[in-house]
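An overview of the molecular structure
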Amino acid sequence: MRSHRALAAIAAAVLAVPSLAVAQQRTLWLSEGYGFLFDAGVDTLRAFEVTSVSCIPSFTASAATAPPGASAAYRLSGAPVTVLLLPDTATGGMRFHMNGAASDVILRRAAEKPAVCNKPTPNTPTSNFDVFTRTWAEQYGFFDLKRVNWATIVDANRGRVTDSTSPKELFAIRQGMIEPLHDAHTYLGAPNDSSLRFSGFRGASGATSRDQFPRFLAIVDRYLATPLRKFCQGQLEFGMLTNDIGYLRIRSFSRYAPDGSFDSGLIALDAALDTIFSGASSWKGLVTDVRLNGGGADPLGLAIARRLTSKDYIAYTKEARLNPNDASRWTTGQASWVRTTNRPGFRGPVVHLIGLHSVSAAETFTQALLDREPEVIRVGENTQGVFSDVLGRRLPNGWRFGLPNERFITDGKAYDGKGIPPMIRVPVFSAADLERGRDSAIEKALEILGEPRR
């Protein structure tokens, strides 16, 4: 999972003033989609997670120094993240911007709090059930895709919950409601009880189990003509398959720098790519591998993709579910571009290896390569099929859960559910390959790039 790369926060600012510093009163903002209310002041930002039945305190952030062009900045408590408020001339509101996200969130000024925020949300089993089910009803974007009637599921389970229902029973009921979605961007957990935790996933018959990953990685390494070099705290690995075919294994799009911040990670990534591609002028091909990649920050994938192109193009357009009562309505899309760069890169033939364990940001990276020229050849199996950030939520009892509420579109198509398919289908880390000590996808990639079968 994208390390539950949920929307971490949304900030707010005072409309029609150049800076929050000149405004002494608090200002209310509602997000377009996402279900957030923000109570913003000069020194602090308080966020609330809102549904038609609940208003749950979410997070508090402290004011930070705003850079030029930003109306305000806030530093999140307990995280190396600063969020910016940028004036949005199109709507007259603000755009919440966080480095590491593929889009901004539009904020509109509110004259008053929603009525539901004028009283505390009760902490009872039935109230917790209602907050959970209403959040899903108002934010989840894929019930039709999953062919699920959520209202029917809620009705079937509501009678099982009373104010005497135990936490363990309540957890089992909720898990039973969302587990059949097989959605890897869903989770549910009690922070103080490790036995009450669930994360979704779309499995497949014969799929590789995680405990086999080290054995498969060892098999891949046997194909290398040079030892793998590790970059970005081991999240990137590079070696040569032959004297003129490079191999770039991307194990995640996160944790690239010791402080965990996106900005430091991007600096580390760019330095690594400068080194990796320093000799690329002599290559005839490159193999990129995200078959065992759990995701991270989408813009890090864009930073790699830009090293592979000689012209600008749109990677994808990102939308969020807009209307809590109508799942067919989405926010106006925001485009993410792959921009050319003069820094070292490779613009020749690329084979890209994908599979079921290519998840989230590994998939948006794959999506960012769809319109690259010359065409990137995808080899392997379908990716996992989850692209959205995880919208993190909490319940009155302190439990946390998450769900996807966004979609990424390229050339008019989204790939949620079934994932991005390969162009050449080859088993990925199959039991037969494990037994033979072979990697069918690597062998196919070498064949495509003109190397004889070994």
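Keep in mind that what you see is a predicted model, and the values were worked out from it rather than measured.

**With respect to the confidence of the model for the chain**
- Averaged over every residue, the pLDDT of the chain is 92; residues scoring 70 or more account for 94%.
- Overall, residues 1-24 carries pLDDT values under 50, and its contacts beyond four positions in sequence, including any with other chains, amount to 101 contacts.

**Overview of unusual backbone geometry**
- Looking along the chain, the bond that leaves Glu-373 and enters Pro-374 is cis, with omega of -5 degrees.
- Within the secondary structure layout, Pro-374 lies in the loop between helix H8 (361-368) and strand E19 (377-380).
- Residue Cys-232 is not a glycine yet carries a positive backbone phi of 50 degrees.
- Relative to the elements of secondary structure, Cys-232 occurs in the loop between strand E11 (229-231) and strand E12 (236-242).
- Positive phi values are uncommon outside glycine, yet Asp-411 reaches one of about 50 degrees.
- Along the polypeptide, Asp-411 turns up in the loop between strand E22 (406-409) and strand E23 (424-425).

**Comments concerning the pattern of salt bridges**
- Following the criterion strictly, the structure yields 25 salt bridges and no others.
- A salt bridge links Arg-108 to Glu-32, with the shortest nitrogen-to-oxygen separation between them at 2.7 Å. Note that Arg-108 is positioned in strand E8 (residues 105-110) and Glu-32 in the loop between strand E1 (27-31) and strand E2 (36-40), a separation of 76 residues in sequence.
- The exposure class assigned to Glu-32 is buried, which follows from its relative accessible area of 18%.
- Close ionic contact of Asp-88 with Arg-95 constitutes a salt bridge, the shortest N to O distance being 3.4 Å.

Calculation criteria
- Residues numbered from 1 in each chain as written.
- Predicted model: local features only at pLDDT ≥ 70, side-chain atom pairs only at ≥ 80, totals over all residues.
- Heavy atoms only, no water.
- pLDDT = per-residue confidence, 0-100.
- Contact = heavy atoms within 4.5 Å.
- Helix = DSSP H or I, 4+ residues; strand = E, 2+ residues; numbered from the N terminus.
- Salt bridge = Lys/Arg side-chain N within 4 Å of Asp/Glu carboxyl O.
- Buried < 20%, exposed > 50% of the residue type's maximum accessible area, 1.4 Å probe, protein only.

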